[in-house]
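So the chains spell out like this:
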Amino acid sequence: MAMTMTGEVQLPASREVVYAKLNDAEVLKACIPGCEELIKSSDTEMSAVAVTKIGPVKARFKGKVHLTDLDPPNGYRISGEGDGGVAGFAKGGATVALTEKDGGTLLTYNVEAQIGGKLAQLGQRLVNGAAKKVADDFFKNFQAHIAAG
Amino acid sequence: MSSTATGIGAPVRRKEDFRFITGHGQYTDDVVRPGETKAVFVRSPHAHAKIKNIDVSAAKKMPGVVDILTGAQLATDKIGNLICGWMIHSKDGTPMKMSAHPALAASKVNCVGDAVAVVIAETTAQGKDAAEKVIVDYEVLKAVIDPAKAQAKDAPQIHADIPNNTIYQWHLGDAKAVAAAFAAAKHVTKIDLVNNRLSPNAMEPRAALAEYDEGTDNLTLWNTSQNPHVARLVIAAFVGMAPEHKLRVIAPDVGGGFGSKIFIYPEEVVCLWAARKVKRPVKWTSDRSEAFLTDAHGRDHVTHAELALDANGKILALRAKTIANLGAYMSTFSSSVPTYLYATLLSGQYNIPSIYCEVDAVYTNTAPVDAYRGAGRPEATFVIERLVEVSARQLGLDPVDLRRRNFITAFPHQTPVIMAYDAGDYNASLKKALEIADVKGFGKRKREAARHGKLRGIGYSTYIEACGIAPSQAVGSLGAGVGLWESAEVRVNPTGSVEVLTGCHAHGQGHETTFAQLVSERLGIPFENVSIVHGDTDKVQFGMGTYGSRSGAVGMSAIVKALDKIEAKAKKVAAYVLEAAEGDIEFKDGKFTVAGTDKSAAWGDVALNAYIAHKFVGADLEPGLKETSFYDPTNFTFPAGCHICEVEVDIETGKTEIVNWTAVDDFGTIINPMIVEGQVHGGIAQGVGQAMMEGVVYSAEGQLVSGSFMDYTMPRAHDLPSFHVGLTETKSPSNPLGIKGCGEAGAIASPAAVINAITDAIGSEDLAMPATANAVWSALQRATPRQAA
Amino acid sequence: MPAVSMTVNGKAVSGNVEERTLLVQFLREQLRLTGTHVGCDTSQCGACVIHLDGVSAKSCTLLALQCEGANITTIEGVALSDGKLHPMQEAFREHHGLQCGYCTPGMIMAALDIVRRNGNDLDEHTIREQLDGNICRCTGYHNIVKAIAAGAKNMKGAAA
């Protein structure tokens, strides 16, 4: 089950600040919905634990997050794969681009994701909605974080 | 008509119903053994992956866990693989290529749902909790799902030893004769069809309960099986679980099968193995989510077919090329379905001089595919009945007329594809169906519908099937690993009541009733005094089970033969009782009489005397009254008939309603018309489901998208009309009762009738199953693109 | 584990259950009332329909603890007090409204509630629409619909 999603969010900070925050594990941990753990093992690799609920299936995903195509302060690509055990798996990535706009930064994202196992079997009709909510929540949190400085 | 209220032909109410309507049925999950544990399987979320490591250490510490077993241990214990029991040879003479199918995958998973480990726990909930903690490290591989792409050079290789994922490339018929006929044909009709993959969805999910007796070293398996003896044979002889005489298989009440419970599944093997390891009973009950992933699916053919006709609409030849998707592993009888159960029926009810069919069977990263109600014959019927209907439309002929011009009218009839039809009257069932369906009034109804914005269409399906499976020598010559006779044992008790032990298995068919009707009529004893025993390998010596509409034609014939022997023996006893010569004893209506006298003995007297043995000595006659028979049929049987479907399509939405359904079937002798009609109804519903609602969908990555009743559309009460069912009768000459079989007819006939009706309504042949509202609406748009408003 | 008490088929029963235990599990596994069946895990099939305080409900969708103090009727409690079959049970047998029997208890329990809601004179359309929550794979519904119509009629005046 593959899906794609795009969106944008206007942030009241420079691209440099936004880019730095996007590389800050503490910030990411605070902003990723359901994130219980995010440990940076190198500049481009993190291990994460997050709880997600899609329809009737709730699972704790353990996985790795990779940062690639690093191009400060224009953006990067963040990708990851999570194993939810019996619930199945999720993997995906997002290309994040930062452009200057209205004295701040316009962040545009392009997400593609794949799910499998029970998540796909029972939750597939809800996945797009659930994924959109995760993305919306993340950027809402991120926006709030940036606004708070 | 029946000679008695409970004899052959009477609509006797079913013996089995009382327990079911009061909640006292005993299905496998209802059986509880002391000390029972529960099995929960850890299944692959990936369609195709290498297993790098399985870590059960954390899971083993979870509460209630008794043990956790993996595929590696299964291999260490030398538990054998599951097998496919029907050998098919490719056209180049090479045997089919069957990959290993371990009950638990040890090194590689090949479809979503493949089991890699099993948790044995005190409760199912604890088992599920622990299963969450089993960590499986997979290396994900590319998957191939589409059977049409499985043989491509760049397709992922599913089994290392099976090149191009190709199991066999089989053919049947005379390619040269067909080519010549096509070259000379006035008209050629070409169609491309997909016979959609179906999930069988018997309402009772599969289950297995295994118990090991340390004292005797005996294993017992309760399972949801249509053929417990075959399960025992395979699990003993091929899987090597236990010697056959140390394994008892009991299939108690079984809640529907439709083919899916014929097969031997990994979970049964694992429960038996685990029960011996943990020395406690182990029960597994599938939930519906598992059922969608692991029950063998049905159909899944991609076919190109062509029909050659002359200027008068006479069929000259047929050719078809089919790719059959058998999934990730070869299930028990999977190889036979797209070959000898399919291509052999491509002649339909028609006189077709030559036929050629090629079938490639392929592996894909999907659940195994095997027999599902009709098994091959619905696929064949869909090909020929779509070809005939489309041909008529292309030639501007009435589809009924085209059929009549080509019907086989003389019997026996040897088709070019093995089958020898022995009896039938296709015009009779067509004529009756045309009357019941009021086809004459269709034009008026169509005009009336048009006034309400509806497109009304009518579709026919004059189907044939081969049932009463099957003569052992014949199926043996075609590759079957078993004979397909049936056994019966008739035990007369000293009080005259009778138990019949049959190797058939009932899971909705009502054998306890119909088999008792036969015995009641034949022995002239009350219906209530007859019990039918089935489904236990300790009670019934051997049998082949129930599928392929075989229980009447084969199973009841075995009972007839045993009853013949009972009557002969009882006459000997009666001769002593009545002090007359054996040759003078007549038996009628449950009474023995001495010809030409008024001397008689009741059935019960003779039965009692057979056991007390006071009137004869052992040297002259053995005491007792019990006889066994093994009946091997002389031919398949050939039920046939005509189904007519009338639909109305909403032009704006594509929503299609079946407004009239007529089924006229020739099943030969009918034992119980009430039960037969019920079988027809159910078959039609499943066929309509295939045609309009059902379809297994995997994503390109191999995730099962249609994995619950939320997403896989099962026909519900308001999706279907009431059906008009009629019967015609020509007796089958191939068994003593003249029975042909009725279990699959509805599912075989109906998909073509539905699609022929909808395509008639919308005026386009470009419509695939399932013809959902969306599919029909899209077909309408393609056929008549809307003008911009 | 918490305790739960309820009345099932007229008898007071109690037991200790996990919070997550479903009513259908309590009925089948603890009370051994195995007439109530489980045909799916998404509340779609209706094999588990029982009556909760006189109204049909899917027992796979209720926690046992939710039913504290409730009055539950299962298929085992439908037959009349004199041991005779209920007219609706009788109608299923008379009209061959069952084959494998697995969906049957849920069908009968749903049918009784259709009669409660719509009265004794049921047309085919009403029955088919209102049977939406129950799946049968064997009968094509033809005879189930007939059985429910007949059963409903026969319940008129009968002590039900």
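Quick caveat: nothing in here was measured; it's all calculated off a predicted structure.

Draft legend 1. Structural view of the overall build of chain C. The helix and strand inventory of chain C stands at five helices and five strands. Starting at the N terminus and ending at the C terminus, chain C contains elements arranged as β-β-α-β-β-β-α-α-α-α. Against the globule reference of 15 Å for 160 residues, chain C gives a C-alpha radius of gyration of 15 Å, in line with a compact fold. Viewed in the frame of its principal axes, chain C has a C-alpha envelope of about 45 × 35 × 25 Å. Going through the 160 residues of chain C one by one, you find that 56% of them count as buried. One finds the centroid of the 14 positive side-chain charges in chain C at a distance of 5 Å from the centroid of its 16 negative side-chain charges.

Draft legend 2. Spotlight on the overall build of chain A. The helix and strand inventory of chain A stands at three helices and seven strands. The order of helices and strands in chain A, counted from the N terminus, is β-α-α-β-β-β-β-β-β-α. Expected size for 149 residues packed as a compact globule is a radius of gyration near 15 Å; at 15 Å, chain A falls within 12% of this value. Its C-alpha atoms put chain A at 45 × 30 × 25 Å along the principal axes. Of all 149 residues assigned to chain A, the portion counted as buried reaches 44%. Look at the contacts in chain A between residues 6 or more apart in sequence, and 52% of them connect residues 24 or more apart. In the form shown here, chain A has an accessible surface area of approximately 7,200 Å², with 53% of it arising from carbon and sulfur atoms. If you average the places of the 17 positive and of the 17 negative side-chain charges in chain A, the two averages end up 10 Å apart.

Draft legend 3. Quick peek at unusual backbone geometry. Residue Pro73 of chain A follows Pro72 of chain A across a cis peptide bond; omega there is -5°. By the secondary structure assignment, Pro73 of chain A is in the loop between strand 4 (57-71) and strand 5 (75-83). In this structure, Pro412 of chain B follows Phe411 of chain B across a cis peptide bond, with omega equal to 0°. Among the structural elements, Pro412 of chain B can be located in the loop between helix 10 (399-406) and strand 16 (413-414). Phi is positive for Asn165 of chain B, close to 55°, though the residue is something other than glycine. Position of Asn165 of chain B relative to the elements: it lies in the loop between strand 6 (135-140) and strand 7 (166-173). The class for Asn165 of chain B is buried, based on a relative accessible area of 1%. A positive phi angle is found at Asn201 of chain B, which is not glycine, with a value near 55°.

Draft legend 4. Region of the structure containing the interface of chain C and chain B. Facing the 46 residues of chain C at the interface are 56 residues of chain B. Buried surface at the junction of chain C and chain B, both sides included, amounts to about 4,200 Å², of which 54% is carbon and sulfur. Along the contact surface separating chain C from chain B lie five salt bridges. For Arg28 of chain C, the salt bridge goes to Asp30 of chain B, with nearest N and O atoms at 2.7 Å. At the boundary of chain C with chain B, the tally comes to 29 residue pairs in polar contact (both at pLDDT 80 or more). Of all the secondary-structure elements, those providing two or more residues to the side of chain C that touches chain B are helix 2 (87-94), helix 3 (104-118), helix 4 (124-130) and helix 5 (142-155) of chain C. Here the side of chain C that touches chain B gets four residues from one element, more than from any other, and that element is helix 2 of chain C.

Draft legend 5. Quick peek at the sheet that holds strand 26 (residues 640-650) of chain B. All names here are of chain B. Here we have four strands laid out as an open sheet, ordered 18-26-27-28, and mixed in their pairing. This sheet does not close on itself; its edge strands, each paired only once, are strand 18 (454-464) and strand 28 (724-728). Ignoring strand direction, the axes of neighbouring strands in this sheet form an average angle of 15°. The sheet contact formed by strand 18 and strand 26 spans eleven bridges and is antiparallel. In the sheet register, Thr462 faces strand 26, and the bridge partner there is Cys642. Lying on the sheet, helix 11 (residues 426-436) is in contact with strand 18, strand 26, strand 27 (656-666) and strand 28; it crosses strand 26 at an angle near 30°.

Draft legend 6. Looking closely at the interface of chain A and chain B. Each partner contributes to the interface: chain A provides 17 residues, whereas chain B provides 18 residues. Summed over both partners, the interface of chain A with chain B buries about 1,500 Å², with 52% contributed by carbon and sulfur atoms. Taken together, the links from chain A to chain B amount to zero salt bridges. Our enumeration of links across chain A and chain B arrives at four residue pairs in polar contact (both at pLDDT 80 or more). Breaking the side of chain A that touches chain B down by element, the ones donating at least two residues are strand 6 (89-101), strand 7 (104-116) and helix 3 (118-147) of chain A. At five residues, helix 3 of chain A tops the list of elements feeding residues into the side of chain A that touches chain B. For the side of chain A that touches chain B, the class distribution of residues is seven nonpolar, seven polar and three charged.

Draft legend 7. Local environment of the pairing of strand 3 (residues 49-52) of chain C. Residues and elements named next belong to chain C. Here strand 3 runs beside strand 4 (residues 55-58); their pairing, made up of four bridges, is antiparallel. Of the residues in strand 4, the one forming a bridge with His51 is Ser56. If you look at the hairpin formed by strand 3 and strand 4, you'll find two residues sitting between the two strands, and Asp53 has a positive phi there, around 50°. Of the strand pairs in this sheet, strand 3 and strand 5 (residues 71-73) are connected by two bridges, and their pairing is antiparallel. Paired with His51 across the strands is Thr73, a residue of strand 5.

Draft legend 8. Here's a closer look at the layout of surface pockets. There is about 1,100 Å³ of room inside the second largest pocket. Taken together, 36 residues make up the lining of the second largest pocket; nearest its centre are Lys62, Gly82, Asp83, Gly84 and Gly85 of chain A. Where the lining of the second largest pocket is concerned, the elements lending two or more residues are strand 3 (45-54), strand 4, strand 5 and strand 6 of chain A together with strand 1 (37-43), helix 4 (124-132) and strand 6 of chain B. No other element matches strand 4 of chain A, which puts seven residues into the lining of the second largest pocket. Here the residues of the lining of the second largest pocket sort into 14 nonpolar, seven polar and 15 charged.

Draft legend 9. Region of interest: helix 7 (residues 266-278) of chain B. Residues and elements named next belong to chain B. With 13 residues, helix 7 extends 18 Å from end C-alpha to end C-alpha; this agrees with the ideal 18 Å at 1.5 Å per step. With eleven of 13 residues buried, helix 7 lies mostly within the body of the structure. All of the buried residues along helix 7 are Pro266, Glu267, Glu268, Val269, Val270, Cys271, Leu272, Trp273, Ala274, Ala275 and Val278. Looking one or two residues beyond helix 7, the residue adopting positive phi is Lys279, at roughly 55°.

Draft legend 10. Region of the structure containing the side chain of Thr332 of chain B. All names here are of chain B. Residue position: Thr332 is located in the loop between strand 14 (315-325) and strand 15 (354-362). On the basis of relative accessible area, Thr332 is assigned to the buried category, the value being 4%. Residue contacts for Thr332: discarding those within four places in its chain leaves Ile83, Cys84, Gly85, Trp86, Phe263, Ile264 and Asp370.

Draft legend 11. Structural view of the domain arrangement of chain C. Residue and element names in this part refer to chain C. Under the domain assignment, chain C is made up of domain 1 (3-76) and domain 2 (87-155). Taken over C-alpha atoms, the centre of domain 1 sits 21 Å from the centre of domain 2. Between domain 1 and domain 2 the total buried area reaches about 1,200 Å² when both faces are included, carbon and sulfur atoms providing 59% of it. For domain 1, the biggest contributors to the area lost against domain 2 are His37, His51 and Ile75; these three give 39% of the whole. Linking domain 1 to domain 2 there are zero salt bridges. Summed over the shared surface of domain 1 and domain 2, the number is nine residue pairs in polar contact (both at pLDDT 80 or more). Listed by contribution, the elements that provide at least two residues to the side of domain 1 that touches domain 2 are strand 3 and strand 4. Its residues placed into classes, the side of domain 1 that touches domain 2 shows seven nonpolar, ten polar and one charged.

Draft legend 12. Examining the nonpolar core more closely. Among the nonpolar cores identified, the biggest contains 221 residues, and Leu346, Trp661 and Ile758 of chain B together with Phe92 of chain C are the most heavily contacted of them. When residues of this core are assigned to their parent elements, the largest contribution, eleven residues, is made by helix 18 (residues 745-762) of chain B. Residue contacts for Trp661 of chain B: discarding those within four places in its chain leaves His643, Ile644, Cys645, Ile684, Val688, Phe723, His724, Ser750, Ala753 and Val754 of chain B. Core analysis: the second largest hydrophobic core is formed by 49 residues, Val554, Val560, Phe616 and Leu625 of chain B among them.

Draft legend 13. Broad picture of the pairing of strand 6 of chain A. Residue and element names in this part refer to chain A. Where strand 5 and strand 6 come together, nine bridges link them in antiparallel fashion. The partner of Ile78 across the bridge, within strand 6, is Ala94. Here strand 5 folds back onto strand 6 in antiparallel fashion, the turn holding five residues, of which Gly85 has a positive phi close to 65°. Hairpin geometry of strand 6 and strand 7 is characterised by an intervening segment of two residues between the two adjacent antiparallel strands and by a positive phi of about 50° at Asp102.

The rules we used
Numbering of residues begins from 1 in every chain and follows the order in which that chain's sequence is written. Ligands are numbered from 1 and chains lettered from A, in the order in which they are written. Whole-chain, interface and lining totals are the exception, using all residues; otherwise, since this is a predicted model, local features are given only for residues with pLDDT of at least 70 and side-chain atom pairs are given and counted only at 80 or more. Excluded from the side-chain calculation are hydrogens and water; included are all heavy atoms of the structure. In DSSP terms, a helix is any run of H or I states spanning at least four residues, a strand is any run of E spanning at least two, and both are numbered starting from the N terminus. Put simply, the radius of gyration uses C-alpha atoms, and a globule should come to 2.2 Å times the residue count raised to 0.38. Throughout this description, buried means an accessible area under 20% of the type-specific maximum (1.4 Å probe, protein chains only), exposed means over 50%, and partly exposed covers the range between. Counted as positive: Lys and Arg. Counted as negative: Asp and Glu, with His and the chain ends omitted from the count. Throughout, a charge is located at the NZ atom of Lys, the CZ atom of Arg, the CG atom of Asp or the CD atom of Glu. Whether two residues touch is decided by their heavy atoms; if any such pair falls within 4.5 Å, the residues are in contact. Computed with a 1.4 Å probe, the accessible areas rest on the Shrake-Rupley method; for each residue, only the protein chains presented here act as cover. By convention, the term buried area covers the 1.4 Å-probe accessible surface removed from two parts as they join, with the contributions of both added. Only one rule defines a salt bridge in this text: a Lys or Arg side-chain nitrogen within 4 Å of an Asp or Glu carboxyl oxygen. N or O atoms closer than or at 3.5 Å make up a polar contact, with two conditions inside protein: a donor-capable atom paired with an acceptor-capable one, and, for residues adjacent in sequence, both atoms drawn from side chains. We treat two strands as partners when DSSP finds at least two bridges between them. Only C-alpha atoms enter the line fits that serve as axes; for helices the fit covers just the stretch in contact. Angles between N-to-C directions range over 0 to 180 degrees. When residues are grouped by polarity, Ala, Val, Leu, Ile, Met, Phe, Trp, Tyr, Cys and Pro land in nonpolar, Asp, Glu, Lys and Arg in charged, and all others, Gly among them, in polar. With a 1 Å grid spanning the protein atoms alone, the term cavity applies to any set of points in which a 1.4 Å probe fits but cannot get out, the term pocket to an open set with protein on both sides within 12 Å along at least five of seven lines, and the term lining residue to any residue with an atom within 4 Å of a point. Grid points are joined across faces, edges and corners, and a volume is the space filled by probe spheres set on the points. Helix span, as expected, comes to 1.5 Å for every residue beyond the first. Segmentation into domains, and thus their bounds, comes from an automatic or database assignment. As used here, the term nonpolar core means buried Ala, Val, Leu, Ile, Met, Phe, Trp, Tyr and Cys residues forming a set that is joined through side-chain atoms within 4.5 Å.

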